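Working through the structure, step by step
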Amino acid sequence: MKQDIRDLFRKYEVFNNKLPDTHKQEFYDKLKGFNSKTNKQLNYKNIYRLAATLLLFFAVGYFMLQGNLKNQSELVEQIETIEQEYLLNINKEWHNFLTIAKDEKLVKRYKKRLEDLNKDYQEISEQFKVDTNNILIVETLIENLNTRLQLLKDIQEHITLLNQENEYYENTTI
Amino acid sequence: MQKEQKTIIKSCVKGNEKAQMQLYNLYCDAMFNIVCRYFKNTEDAKDIMQDGFLKAFSNIKKYKSDYSFGSWLKRIIINQCIDTLRKQKMEFTIIDYEKIEIIDDENWSFNNSISKETIITAIEQLNEKHQIVVKLYLIEGYDHAEISQILNIPLKTSRTHLRRGRLRLKELLKTTYNEARY
C-alpha cells in the first residue's frame, strides 16, 4: 500500500520540543528592552522631523526675506535713477526758462512754486525711506517731479507763444 | 476566540506589553517547534523564535486579518530561521540545473508502513539545501512560489532542490523499509 506523505504532514502538529522554563521571563526582558529602544527611536525620529521642519521654515523665511530685500533695493535704485533724470531735466528747463523769461515777478512766482513742490518732495521722500514697498508713495514722488517739469515746459511754451504773438503784432504794425 | 485575538492584536499594534506577552504565550510552543525543525540546539531555537516574535511585533501594523495570524507569524519565524541559516553562510542557490524535467514531480507516494517520525529522521539526513526546501514544502506546506520568496531563489532552483531531495528521501526510506522488512 502506498500513501502520499504530504497528507501525513498536513496534520503535523506534534510539539515534541519543550521550551526552557525561563523562556517567558527572558522574552519579557527582551521585549521591554526592545520596546524602549523602539520608543527612543520614535522620539529621535520626531525630534529629527521637528528639526527638519524648523530648518525648512527658517530657510524659506530667510530666502523670502532676502528676495524681498532684493526687490526693495531694486525699487529704490530705480526710483533714484528716475529722480536723477527728472531733476536734470527740471534744472535744464529752469535755465531755459530763465533765459527767455524777462518778467522778474513771473520768475519769482515760479521759483516759489518749484520750491514748494521740492519741499513736498522731500517730505514724501522721507516717507518712502520708511515704507519702500508702497506704490502710492512712489507714484506721488514721480507725480511731483512730473508736475515740476510740466510746469516749466508749459510756462516756456506760453512765453514762446507770447513772443511769437508780439513779433506778429510788431510785424503787422510796421 | 478569534474576536479575543483581534483585540489582543489591536493592543499589540499600540505597543501594549501585556498584549504582546499574551500573543507570545499563545504561539510560542508552536513557533518554537517550527524553529526546532531547522535548528537542533534548543537554546538557539528559542533565541531565533524570540527574535522572530520581536520582528513580528515591530511589523504588526502590516498584518492584515485576511490571513490567519498564525500563518503570518509562522512566515516571519521561518524567515528568521532562513536569515540565521544565511548568516551561517548557508547557500541556497545552485548552478547546475537539471536539463531534463522529471515528469513524476508530484509523486510523493511512499509505502504506508513508513511512519512520520521515520520520514522526519530521513529528511534530517538530506543535504542541507535539499533539506530546507523539503521541510518548507512537506512540513510547512509552502508551495514553490512561497519557497522561492522565502529563500530568495528562482522557482526553478526550488523545484530542483525539492526533486533531488525527494529522490534522495525515497532512496533513504527504501533502505530503511527494506531493513525493517528483513
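Analysis parameters
- Residues numbered from 1 in each chain as written.
- Chains lettered and ligands numbered in written order.
- Predicted model: local features only at pLDDT ≥ 70, side-chain atom pairs only at ≥ 80, totals over all residues.
- Heavy atoms only, no water.
- Helix = DSSP H or I, 4+ residues; strand = E, 2+ residues; numbered from the N terminus.
- Contact = heavy atoms within 4.5 Å.
- Areas by Shrake-Rupley, 256 points an atom, 1.4 Å probe, with all protein chains shown as cover.
- Buried < 20%, exposed > 50% of the residue type's maximum accessible area, 1.4 Å probe, protein only.
- Expected span 1.5 Å × (residues − 1).
- Buried area = accessible area lost by both parts, 1.4 Å probe.
- Salt bridge = Lys/Arg side-chain N within 4 Å of Asp/Glu carboxyl O.
- Polar contact = N/O pair within 3.5 Å; in protein donor to acceptor, adjacent residues only side chain to side chain.
- pLDDT = per-residue confidence, 0-100.
- Core = buried A, V, L, I, M, F, W, Y, C linked by side-chain atoms within 4.5 Å.
- Domains from an automatic or database assignment.
- Axes fitted to C-alpha atoms, helices over the stretch in contact; angles between N-to-C directions.
- Parallel < 35°, antiparallel > 145°, perpendicular 65-115°, else oblique.
- Left-handed = near helix turned anticlockwise from the far one by under 90°.
- Nonpolar A, V, L, I, M, F, W, Y, C, P; charged D, E, K, R; others polar.
- Disulfide = S-S within 2.5 Å.
- Patch = residues over 30% accessible without salt bridge, like charges linked within 9 Å, V, L, I, M, F, W, Y side chains within 5 Å.

**With respect to the overall build of chain A**
A count of helices and strands for chain A gives four helices and one strand. Within chain A, counting contacts between residues at least 6 apart in sequence, those at least 24 apart form 73% of the total. For chain A, the computed accessible surface area is about 13,700 Å², with 56% contributed by carbon and sulfur atoms.

**Some words on the overall build of chain B**
Scanning chain B from terminus to terminus reveals eight helices and one strand. Each helix and strand of chain B, placed in order from N terminus to C terminus, yields the pattern α-α-α-α-β-α-α-α-α. Looking at chain B residue by residue over its 182 residues, the buried ones come to 49%. Here the analysis covers contacts within chain B between residues at least 6 apart in sequence; of these, 69% occur between residues at least 24 apart. Taken as a whole, chain B presents about 9,800 Å² of accessible surface, with 50% of it coming from carbon and sulfur.

**Concerning the side chain of Ser125(A)**
With respect to the helices and strands, the residue Ser125(A) is situated in helix H3 (residues 104-130). Not counting the four nearest positions on each side in its chain, Ser125(A) is found in contact with Glu83(A) and Leu141(A).

**Section: helix H4 (residues 69-87) of chain B**
Between its terminal C-alpha atoms H4(B) stretches 27 Å, which fits the 27 Å expected from 19 residues at 1.5 Å a residue. One or two residues past the end of H4(B) sits Lys89(B), with phi positive at roughly 70°.

**Describing the interface of chain B and chain A**
On the chain A side, the residues contacting the 38 residues of chain B number 27 residues. When the two sides are added together, the surface that chain B and chain A hide from each other amounts to roughly 3,200 Å², 62% of it contributed by carbon and sulfur. Three residues stand out in chain B for area buried against chain A, namely Glu17(B), Leu54(B) and Lys116(B), and they jointly supply 19% of the buried area on that side. Across the contact surface, chain B and chain A share four salt bridges. Joining chain B to chain A, the criterion identifies eleven residue pairs in polar contact (both at pLDDT 80 or more). Those elements that provide at least two residues to the side of chain B that touches chain A are helix H2 (17-36), helix H3 (42-58), strand E1 (109-111), helix H5 (116-124) and helix H6 (128-139) of chain B.

**Side note on the pattern of salt bridges**
Counted according to the given criterion, the structure contains 15 salt bridges over all chains. Within the structure, one salt-bridge network assembled from shared partners comprises Glu26(A), Lys30(A), Glu43(B), Lys46(B), Asp47(B) and Asp51(B).

**Quick notes on the confidence of the model for chain B**
Looking at chain B, pLDDT values average 85 and 86% of them are 70 or higher. Across the interfaces of the predicted complex, the ipTM metric reaches 0.75, alongside a pTM of 0.58.

**So, H3(A)**
All names here are of chain A. Between its first and last C-alpha, H3 extends 40 Å over 27 residues, near the 39 Å set by a 1.5 Å rise per residue. All buried positions along H3 are accounted for by Leu 106, Val 107, Tyr 110, Leu 114, Leu 117, Tyr 121, Ile 124, Ser 125 and Phe 128. One side-chain oxygen at the N-terminal end of H3 lies 3.0 Å from the backbone nitrogen of Lys 105; it belongs to Asp 103.

**A word on the nonpolar core**
Note that soluble globular proteins tend to have their nonpolar side chains buried in a common cluster. Grouped together as the largest cluster of nonpolar side chains are 63 residues, with contacts concentrated most on Phe53(B) and Leu169(B). It is H2(B) that contributes the most residues to this core, eleven residues altogether. When residues of this core are sorted by domain, at least three fall in each of domain 1 (3-87) and domain 2 (97-176) of chain B. If we ignore the near neighbours within four places in the chain, the residues touching Phe53(B) are Phe27(A), Leu23(B), Tyr24(B), Tyr27(B), Cys28(B), Met31(B), Leu73(B) and Ile77(B).

**Topic: the packing of helix H1 (residues 2-13) of chain B against H2(B)**
Residue and element names in this part refer to chain B. It is the contact of H1 with H2, at a shortest axis distance of 8 Å, that shows an interaxial angle of 130°. Of the possible angle classes, the one that applies to H1 and H2 is oblique. Every pair of crossing elements has a handedness; the one defined by H1 and H2 is left-handed. Side by side, H1 and H2 meet where Gln 5, Ile 8, Ile 9, Ser 11 and Cys 12 of the first sit next to Ala 19, Gln 20, Gln 22, Leu 23, Leu 26 and Tyr 27 of the second. In the contact of H1 with H2, the residues fall into seven nonpolar, four polar and no charged.

**Comments concerning the state of the cysteines**
Residues and elements named next belong to chain B. For the structure on display, the rule yields zero disulfides over all chains. Residue Cys 36 stays outside any disulfide, its sulfur separated by 9.2 Å from that of Cys 81, the closest cysteine. Of the residues examined, Cys 36 reaches a relative accessible area of 7% and is grouped as buried.

**Focus on unusual backbone geometry**
Although it is not a glycine, Asn152(B) adopts a positive phi angle of roughly 55°. Note on placement: Asn152(B) falls in the loop between helix H7 (144-151) and helix H8 (155-181).

**A word on a nonpolar patch on the surface**
Taken together, the side chains of Leu50(A), Leu54(A), Phe57(A) and Phe58(A) define a hydrophobic patch exposed on the protein surface, amounting to about 480 Å² of accessible area. Under the relative-accessibility criterion, Phe57(A) is labelled exposed at 60%.

**Here we look at the packing of H2(B) against H3(B)**
All names here are of chain B. Here H2 crosses H3 at 135°, and the two axes come no closer than 9 Å. As judged from the angle between their axes, H2 and H3 are oblique. In the packing of H2 onto H3, the handedness of the crossing is right-handed. Note on element contacts: H3 touches H2 through Thr 42, Ala 45, Lys 46, Ile 48, Met 49, Gln 50, Phe 53 and Phe 57, opposite Gln 20, Leu 23, Tyr 24, Tyr 27, Cys 28, Met 31, Phe 32, Val 35 and Cys 36. Tallied by class, residues from the contact of H2 with H3 come to 13 nonpolar, three polar and one charged.

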